[in-house]
Structures are given as C-alpha cells and as structure tokens.
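Topology and contacts: notes
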Amino acid sequence: MTRVLLTGGAGYIGSHTVVALIERGHEVVILDNFANAQRDVPARLERLTGCANIPVIEADIRDTGAVRAALAAHPVEAVIHFAALKAVGESEADPLLYYDMNIIGTIRLLQAMQAQNVRRIVFSSSATVYGQSDSSPIPEDAPTRVQNIYGRTKLVMEDLISDLARTGKLQAAANLRYFNPVGAHPSAMIGETPRGVPNNLMPYVTQVATGERPHLNVFGNDYDTPDGTGVRDYIHVVDLARAHALALEHICAHDVALTVNLGTGTGISVLELVRAFERATGREIPLNIAPRRPGDVASYYANPEMAARVFGWQAALDVNDMCRDSWAWQARRAGINDI
Ligand SMILES: NC(=O)c1ccc[n+]([C@@H]2O[C@H](COP(=O)([O-])OP(=O)(O)OC[C@H]3O[C@@H](n4cnc5c(N)ncnc54)[C@H](O)[C@@H]3O)[C@@H](O)[C@H]2O)c1
C-alpha cells in the first residue's frame with residue numbers, strides 16, 4: 001500500500017485515478033484549487049469507492065507553504081501531479097499564465113516535496129510533446145518538437161523532473177505521455193466537464209448528441225488515411241487511471257525514472273469514432289465537413305509497448321466502451337434518461 005497525494009485529484013483524469021488507486025489498496029490525499037473541478041467530486045468519489053473521509057486540501061500548487069503544510073499533515077510516499085492548465089489555444093493567448101501555472105507551479109510543488117522529503121513523482125505529460133511527428137506509431141525516443149506553449153510547458157516540466165531524478169533529488173519518477181483521453185467511469189458518477197466550447201472531439205460529439213450543439217465540424221476529409229479524416233489514439237480514462245496505479249507501483253518498487261507513452265496503439269479516425277458513437281447511443285451526429293486546421297496531422301498514435309513491457313499495462317477498453325461511457329456521463333449531466 002502506498003499513500004499518495006494527487007495534485008489536481010478532483011479533475012477529470014485525477015478523479016478516475018483516485019478510484020483506480022483505492023481499488024488497488026492505496027491511500028489517497030487530494031490537493032486541488034478547484035479552478036477546473038466540480039465541488040462535489042470528492043463526495044462522489046467517496047460514494048463510488050465506499051471510502052469515507054478522503055482527505056481534500058484546497059490549495060494552489062504555487063503556494064509552497066500550503067503544499068508543505070498538506071504534506072506535513074498527510075505524510076505520503078509519492079505525488080501524482082495532474083494540476084495544470086491544458087488548453088492549447090489559451091496557452092498561445094496567454095503564455096505567461098501557462099508558464100506560471102504549469103512551470104512555476106511544478107517548481108513550487110517540487111520544492112515543497114523536497115522540503116518534506118517526498119521523493120517520488122508520477123507526472124501527467126502529453127503526446128503533444130512529439131509535435132507533428134513524421135510517422136506513427138510513435139515510440140518514446142521519437143524527437144520532441146513542441147508546436148505550442150502548452151506543449152512547451154509539458155516538455156519543460158518533464159525535463160525538470162528528469163533532471164531531479166538524474167541528480168538524485170528524486171528517488172523515482174514517471175513522465176506519462178498521454179495520447180487522447182476520453183470516456184468516463186462506467187458508473188457515470190465522474191467524468192469530464194469541459195468549460196465552454198469543448199476543445200476535444202469526444203466531449204463535442206456528446207454535446208451534439210444532447211442537442212447543445214447543432215453539428216460536428218470535421219476538419220478535413222482529404223487526409224491520407226483510410227476514410228480521409230484525422231486518425232488519433234483515443235484511450236479510455238479508466239485504462240489511463242489504471243496505468244497511473246501500475247506506474248506508481250513500479251517506480252516505488254524499483255526506484256527508477258522513466259518516460260512512457262500511454263495510448264492503445266490503435267488509430268481511430270474521426271468518422272470511425274462518430275459511427276461507433278452513433279451505434280453505442282442510437283443518436284445521430286450531424287456532420288459538417290470543414291477545411292483542415294493548420295497544424296493538424298493526418299495520423300497520430302502511440303507505440304505503447306514500453307508500458308506493457310515495463311509495468312504490465314495495456315489498454316483493455318475499446319472505442320465502443322469509450323463512446324458508451326462518455327455518453328452515459330454526458331446524458332446524466334444533461335438530464336437525459338433514455339440510456
Ligand atoms: N485531458 C487531456 O486530454 C490530457 C491529455 C494529455 C495530458 N493531460 C494532462 O493531464 C493532467 C490532468 O488533465 P485533466 O484533463 O484531468 O484536466 P482537469 O482540468 O480536469 O484537471 C486538472 C485539475 O487540476 C486543478 N488545478 C489546476 N491548476 C491548479 C493549481 N494551480 N493548483 C491546484 N490545482 C489546480 C483543477 O482544478 C483540476 O481539478 C493535466 O496536467 C493535463 O495537462 C490531459
């Protein structure tokens with residue numbers, strides 16, 4: 001059993017990871033400033049896991065004193081670091097906000113951890129660090145070519161963590177490069193709650209299905225892919241959450257530092273995802289074919305072999321599970337009962 005503090009533990013991926021950790025017998029402490037999380041998530045997590053009194057600290061990761069106090073009050077062996085801003089467009093509009101929240105925030109967190117002698121970390125990185133990769137599947141040793149400020153902050157945060165591990169300041173570290181997380185817990189009690197217009201495909205599709213948006217814009221149907229639409233590696237958030245637990249257990253057992261992809265290794269096109277969603281939900285998604293967006297690549301999916309080899313993880317859930325669970329969550333939020 002490991003006791004672990006999750007920064008951003010009330011957010012989308014963090015909340016699912018809380019469930020995965022508790023299911024595997026670990027103890028969790030949530031630290032979140034609730035800037036992008038629903039207030040009732042901790043109560044939902046307690047109902048979902050049957051685990052009463054999950055400690056929740058409301059604090060900003062940039063507040064070293066508050067994070068130190070949290071670590072002093074709740075001694076942990078490791079931190080899983082989710083807390084960050086994550087919108088590419090917003091990062092280009094306000095770079096300093098992203099440098100401050102993501103990079104300065106991570107430095108402050110690492111300082112607090114060092115002061116409290118917490119020397120193991122699992123970090124939420126992103127496949128966005130590969131930028132416009134030449135070919136897929138993408139292995140971990142593919143060149144990193146960040147295309148935007150959000151991606152740059154992820155790469156800098158990875159480097160900070162890798163440097164501290166290399167110099168012995170951290171005992172164990174995992175930089176986890178997520179591909180495209182989608183889905184929700186099958187209970188429909190936790191899921192993703194995007195603000196405003198969703199940036200990602202699946203939340204947009206679910207909002208078209210509820211009637212909140214009239215149609216889905218498909219950006220380009222003339223790519224060199226089987227049906228002309230962009231291909232991505234969608235990964236169910238429940239699989240992703242389980243990967244965090246396995247990575248944590250591995251680095252704690254072996255005191256190693258690693259950087260690893262988390263994806264299914266299977267590319268799914270926009271049209272394939274939409275058709276799977278229509279099959280899983282019985283709802284039609286009207287489409288509007290729009291021009292390609294600058295910067296989008298045709299095909300982008302992981303080589304996930306390292307995660308399988310090193311800590312025995314591979315995705316178990318498929319696109320049908322992703323669509324069913326995304327819809328159950330969104331329909332529940334929208335008060336739709338025909339599911
Ligand atoms: N969702 C994705 O598509 C995706 C893909 C790749 C990587 N990631 C990374 O995974 C991590 C989690 O993403 P998510 O989708 O769960 O996002 P999210 O916004 O749902 O979760 C982030 C959580 O961190 C909290 N938070 C933000 N800034 C904070 C701060 N300064 N101090 C304390 N808490 C703070 C928010 O309130 C929220 O609960 C992020 O680091 C993100 O960059 C996400």
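Refer to the preceding data block for the structure.
Note that the structure is predicted; figures quoted are calculated from it, not measured. (Residues numbered from 1 in each chain as written. Predicted model: local features only at pLDDT ≥ 70, side-chain atom pairs only at ≥ 80, totals over all residues. Heavy atoms only, no water.)

What about the overall build of the protein chain?
A tally of regular secondary structure across the protein chain gives 11 helices and 14 strands. In terms of C-alpha radius of gyration, the protein chain reaches 19 Å, essentially the compact-globule figure of 20 Å for 339 residues. Based on the C-alpha atoms only, the size of the protein chain along its principal axes is roughly 55 × 45 × 40 Å. Taking contacts inside the protein chain between residues at least 6 apart in sequence as the whole, the part at least 24 apart equals 79%. Accessible surface computed for the protein chain: about 14,200 Å², of which carbon and sulfur atoms make up 48%. Charge-centre separation for the protein chain: the mean point of 30 positive side chains lies 4 Å from the mean point of 37 negative side chains. (Helix = DSSP H or I, 4+ residues; strand = E, 2+ residues; numbered from the N terminus. Rg over C-alpha atoms; globule rule 2.2 N^0.38 Å. Contact = heavy atoms within 4.5 Å. Areas by Shrake-Rupley, 256 points an atom, 1.4 Å probe, with all protein chains shown as cover. Lys, Arg positive; Asp, Glu negative; His and termini not counted. Charge placed at Lys NZ, Arg CZ, Asp CG, Glu CD.)

Brief notes about the nonpolar core
Among the nonpolar cores identified, the biggest contains 41 residues, and Leu262 and Phe311 are the most heavily contacted of them. When residues of this core are assigned to their parent elements, the largest contribution, nine residues, is made by helix α8 (residues 237-254). Contacts of Leu262, omitting those with residues within four sequence positions, involve Leu176, Arg177, Tyr178, Phe179, Ile235, Leu240, Ala243, Ala307, Phe311 and Trp313. Counting 24 residues, the second largest nonpolar core, distinct from the first, contains Leu5, Ala83, Leu109 and Leu110. (Core = buried A, V, L, I, M, F, W, Y, C linked by side-chain atoms within 4.5 Å. Buried < 20%, exposed > 50% of the residue type's maximum accessible area, 1.4 Å probe, protein only.)

Observations concerning unusual backbone geometry
The residue after Ser136, namely Pro137, is reached through a cis peptide bond having omega 0°. Tracing the backbone through its elements, the reader meets Pro137 in the loop between β5 (120-126) and α6 (149-166). Look at Asp255: it is not a glycine, yet its phi comes out positive at around 45°. Mapped onto the elements, Asp255 comes out in the loop between α8 and β11 (257-262).

Here's the deal with the sheet that holds strand β12 (residues 268-269)
The three strands lie next to each other as β12-β9-β14, forming an open sheet whose pairing is mixed. On the outer flanks of this sheet lie β12 and β14 (299-300), each paired with one strand and no other. Of the strand pairs in this sheet, strand β9 (residues 231-232) and β14 are connected by two bridges, and their pairing is parallel. Directly across from Val231, in β14, lies its bridge partner Ser299. (Pairing = 2+ DSSP bridges.)

Overview of the side chain of Asp321
Looking at where Asp321 falls in the secondary structure, it is placed in helix α11 (residues 319-334). Note on Asp321: relative accessible area 14%, which makes it buried. Here the side chain of Asp321 touches Arg324 through a polar contact of 3.1 Å, side chain to side chain. (Polar contact = N/O pair within 3.5 Å; in protein donor to acceptor, adjacent residues only side chain to side chain.)

Observations concerning the site of the ligand
Around the ligand, the surrounding shell holds 27 residues, and the nearest of these are Asp32, Asn36, Phe82, Lys86 and Tyr150. At a separation of 2.8 Å, an oxygen atom of the ligand approaches a polar backbone atom of Ile13. Lys154 places a side-chain nitrogen or oxygen 2.8 Å from an oxygen atom of the ligand. When the ligand sits alone it has 820 Å² of accessible area, and the protein chains cover 96% of it. Of all the secondary structure elements, the ones that give two or more residues to the shell around the ligand are α1 (12-23), β5 and α6. The dominant element in the shell around the ligand, judged by the number of residues it contributes, is β5, at three residues. Among the residues forming the shell around the ligand, the class breakdown is 15 nonpolar, eight polar and four charged. (Near = heavy atom within 4 Å. Nonpolar A, V, L, I, M, F, W, Y, C, P; charged D, E, K, R; others polar.)

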